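Fold and geometry: a report
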Amino acid sequence: MTVSLEVAEGVGTLRLDRPPMNALDVATQDRIKELAEEATRREDVRAVVIYGGEKVFAAGADIKEMQVMDHAAMVVRARALQDSFTAVARIPKPVVAAVTGYALGGGCELALCADYRIAADNAKLGQPEILLGLIPGAGGTQRLSRLIGPSKAKDLIFTGRQVKADEALAIGLVDRVVPAAEVYEAAHAWAARLAQGPAIALRAAKESIDAGLETDLETGLAIERNWFAGLFATEDRERGMRSFVEEGPGKAKFL
């Protein structure tokens, strides 16, 4: 399998494994979608790490496979490509990308689908599609501009240049940089901490932020308001407030 889902202690690791560079061919794209949907359904998965291994996250699409596709074939495939990545973005649980080595093209777009990105100090990220006479097709023009702003996104997409970890951190493309040997451990620790949190409230927070960013402020406030009130019907809310009153803040244990 080019992608696997391994679950331990509430954390699901979505592991890319297509040596040497984790090129994202059609089969791998479809497998990503399948496992993202599985992670969404499984109650034992409370947070997710996306990981490509110690050497590389994903160096983009399989160019040899794409080269033989004509316009008609890509009209059909482009939607499936986007759907596979959107399935990751829509996992209603905390998702962290553990980025090692190259995260280029589709690899960068996959990292953009995470809620948080931890990169190795030797990581390089970018959207080099313009160098092939193309543009990003798996969400890069949309998710990158929403994350780092349109002018910075245009710089990366127009030039196709790669950015090192320090610049990626400075422009907000990644959220934390650690030594290469510590990337997965750091990402897993982030996920494991949230896996112990209140699952419904975390889902509410993620959906409120993501849906709110796609609409106007008034509608976003309505989304937040509905989730906020709805959480008063949950056991986690009762547990959290009871613990606060009886033991003080930050000591609640959620199921």
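Okay, so let's go over this structure.

What counts, and where the lines are drawn
Residues numbered from 1 in each chain as written. Predicted model: local features only at pLDDT ≥ 70, side-chain atom pairs only at ≥ 80, totals over all residues. Heavy atoms only, no water. 1 Å grid on protein atoms, 1.4 Å probe; cavity = no way out; pocket = protein on both sides within 12 Å on 5 of 7 lines; lining within 4 Å. Points joined across faces, edges and corners; volume = space filled by probe spheres on them. Helix = DSSP H or I, 4+ residues; strand = E, 2+ residues; numbered from the N terminus. Nonpolar A, V, L, I, M, F, W, Y, C, P; charged D, E, K, R; others polar. Expected span 1.5 Å × (residues − 1). Buried < 20%, exposed > 50% of the residue type's maximum accessible area, 1.4 Å probe, protein only. Arc of directions from axis to C-beta. Contact = heavy atoms within 4.5 Å. Core = buried A, V, L, I, M, F, W, Y, C linked by side-chain atoms within 4.5 Å. Axes fitted to C-alpha atoms, helices over the stretch in contact; angles between N-to-C directions. Parallel < 35°, antiparallel > 145°, perpendicular 65-115°, else oblique. Left-handed = near helix turned anticlockwise from the far one by under 90°.

Scanning the model with the defined rule gives 1 cavity of 30 Å³ or more in all. Each pocket or cavity is described by its volume, and for the largest cavity that value is around 70 Å³. Along its surface, the largest cavity is lined by L24, V26, Q29, A61, E65, M66, M69, M74, R77 and L81. Listed by contribution, the elements that provide at least two residues to the lining of the largest cavity are α1 (26-41), α2 (63-67) and α3 (71-89). The element that contributes the greatest number of residues to the lining of the largest cavity is α3, accounting for 3 residues. Residue classes in the lining of the largest cavity are distributed as 7 nonpolar, 1 polar and 2 charged.

Turning next to helix α11 (residues 235-247). Here α11 is 13 residues long and its end C-alpha atoms lie 17 Å apart, about the 18 Å a rise of 1.5 Å per residue gives. D236, G240 and S243 are the residues of α11 that are buried. Buried positions in α11, seen along its axis, are confined to an arc of 65 degrees and lie on one side of it. The outward face of α11, more than 90 degrees from its buried face, is lined by the exposed residues V245 and E246. Looking at the buried positions of α11, the neighbouring elements they touch are α9 (199-213). A positive phi of about 100 degrees marks G248, the residue just after α11.

Moving on, we come to the environment of L173. Following the sequence through the fold, L173 ends up in the loop between α7 (165-171) and β9 (176-178). A sequence separation of 20 residues divides L173 from A153, and the C-alpha atoms of the two residues are 9.6 Å apart. In this structure L173 touches C108, L112, R117, L125, L144, L147, I148, L156, V163 and A168, once residues within four positions along its chain are discounted.

Of all hydrophobic cores here, the largest spans 44 residues; its most connected members are F57, V99, L125 and L173. A per-element tally of this core places α3 first, with 5 residues. Counting residues in hydrophobic clusters, the runner-up holds 14 residues, among them V96, A98, A120 and V178.

With that out of the way, let us pick up the packing of helix α5 (residues 140-148) against helix α6 (residues 150-159). One can describe the packing of α5 onto α6 by two numbers: an axis separation of 7 Å at closest approach and a directional angle of 135 degrees. When the axes of α5 and α6 are compared, the pair comes out oblique. Crossing handedness for the pair α5 and α6: right-handed. Contacts from G140, T141, L144, S145 and I148 in α5 reach P150, K152, A153, L156 and I157 in α6. Broken down by class, the residue content of the contact of α5 with α6 amounts to 6 nonpolar, 3 polar and 1 charged.

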